[in-house]
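A structural walkthrough
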Amino acid sequence: MKYPRADVLGDAWQVLAVESAQTEIKITARDAVLTDERFDRVQKKFSTIINDLTDELESETLIIRCKQSLPVFALRVYMGLLRVFGIGSPNNLAALAAIRSAGGELGKQAAEAEATTPRITAREWAYNRATPLTKQYAKVIPRIVRGLNEIVAMEPKPDYETNVNLRNVAEMEVRLQHQHKMLDDLRASNTRLVWIEPHANCSMRCAKYQGRLYSLDNTSGEIDGERFVPLSEATDNLADFHTTKAGITYHNGCITGFNCRHRLIPYKKGNKPDMIPANIIRRQRALEEEQRRMERGIRRARETTLLLTGINAGKAYIAARDRQVKLRKEYEEFSRKNKIPFYRERLRVMEGEQLRSTTKIPKNILALVPPEAHGALKEKQSQLQRY
């Protein structure tokens, strides 16, 4: 079945489907560790999550990347959670032995986890560590929260030699598909000349190309006093090829470069777009970078809350829940203050999850509510959704 909110989200549904699968893997791994589930069953659940995702995705490139990176990611998360909870039960230890025997980097990690995980059953862990209001619980929960924060920070990467994670890959692939469709539609309509429309939060790589006139038929010349060159000078310029320290060469030009959002406007006499001052571009770029940073923080806080759900984490769960609401409120206030749009869908980490309301009931309204109804009102408020 296609991702439930695909029709609402447009192209972005594939990005959120990938994010949702990653979170589901983490929760599945947590539950497997805490219930001492047999490793073959755990692997089957991981495979089901990954297969359900790739069966839905439309991008062949993204499907390949998910199949390459998510199985490894699932095992890394599983081993990380074994160390977080410290449950060295027979099934968990057998799982580590199986991963260790496969060798490679994952095998080394499994050997480390096997050597440091204490031999304790899930029942013993639950009795000694998850009973609230005990001295032992108070000692262990902060360590578990720290460990879960590390798990939340784990991201699947196609090669683990770059900082590009799978969500980044999904965003870039979806945007690239959109840009290629725009080009195909323009060529199909026999459009010959186009402007690269400027936008205020333009990336550094695209700044030198926006606002100029280009041809789609590989010609150069002048029209109505405006010079034009082939669009390939912006899309395939040799200056935009880069080689990483790992020896990987990639191209990152305008229009078809990483996450490029520039639009192409068909040329008409006198419709030259206004150029945006460089200082405005720098400011908007910085604001958008801060937005993305805040969104990453909110997604991580939400994953932490989900991973603390259902394990009797008490105050730690409440603190995590309140923190993600606080971070989202700060994100919304920052965006409104700087008059830039914000996207609540970018904060979701799992299909079906609900966003807690950041609204407060005005005091003059609250004063009209009978005291005996305050409890029901507070419960109702906590259920408010804002998308």
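Report follows, based on the coordinates. (Residues numbered from 1 in each chain as written. Predicted model: local features only at pLDDT ≥ 70, side-chain atom pairs only at ≥ 80, totals over all residues. Heavy atoms only, no water.)

1. Considerations on the overall build of the protein
Helices and strands together make up the secondary structure of the protein, namely 15 helices and seven strands. The buried share of the protein, taken over its 387 residues, is 45%. Sequence-distant contacts, at least 24 apart, represent 69% of the contacts inside the protein between residues at least 6 apart. On the protein, roughly 20,800 Å² of surface is accessible, and the fraction owed to carbon and sulfur atoms is 53%. (Helix = DSSP H or I, 4+ residues; strand = E, 2+ residues; numbered from the N terminus. Buried < 20%, exposed > 50% of the residue type's maximum accessible area, 1.4 Å probe, protein only. Contact = heavy atoms within 4.5 Å. Areas by Shrake-Rupley, 256 points an atom, 1.4 Å probe, with all protein chains shown as cover.)

2. Section: the side chain of R344
Among the structural elements, R344 can be located in the loop between helix 13 (315-337) and helix 14 (363-366). On the basis of relative accessibility, which here comes to 16%, the residue R344 falls in the buried class. Within polar-contact distance, the side chain of R344 engages the side chain of E332 at 3.3 Å. (Polar contact = N/O pair within 3.5 Å; in protein donor to acceptor, adjacent residues only side chain to side chain.)

3. Observations regarding the sheet that holds strand 4 (residues 226-230)
To summarise the sheet geometry, strands pair through backbone hydrogen bonds and adopt either a parallel or an antiparallel arrangement. Here five strands make up an open sheet; going across it, the order is 3-4-2-1-7 and the pairing mixed. The open sheet has two edge strands, strand 3 (221-223) and strand 7 (264-266), and neither has a second partner. Between one strand axis and the next, the sheet turns through 40° on average, direction left out of account. Two elements, strand 1 (residues 193-196) and strand 2 (residues 213-215), share three bridges in a ladder whose sense is antiparallel. Considered in strand 2, the bridge of V194 is made with Y214. (Pairing = 2+ DSSP bridges. Axes fitted to C-alpha atoms, helices over the stretch in contact; angles between N-to-C directions.)

4. Describing the side chain of E37
Tracing the backbone through its elements, the reader meets E37 in the loop between helix 2 (13-34) and helix 3 (39-56). In contact with E37, not counting residues within four places along its chain, are A32, V42, K45, Y78 and N91.

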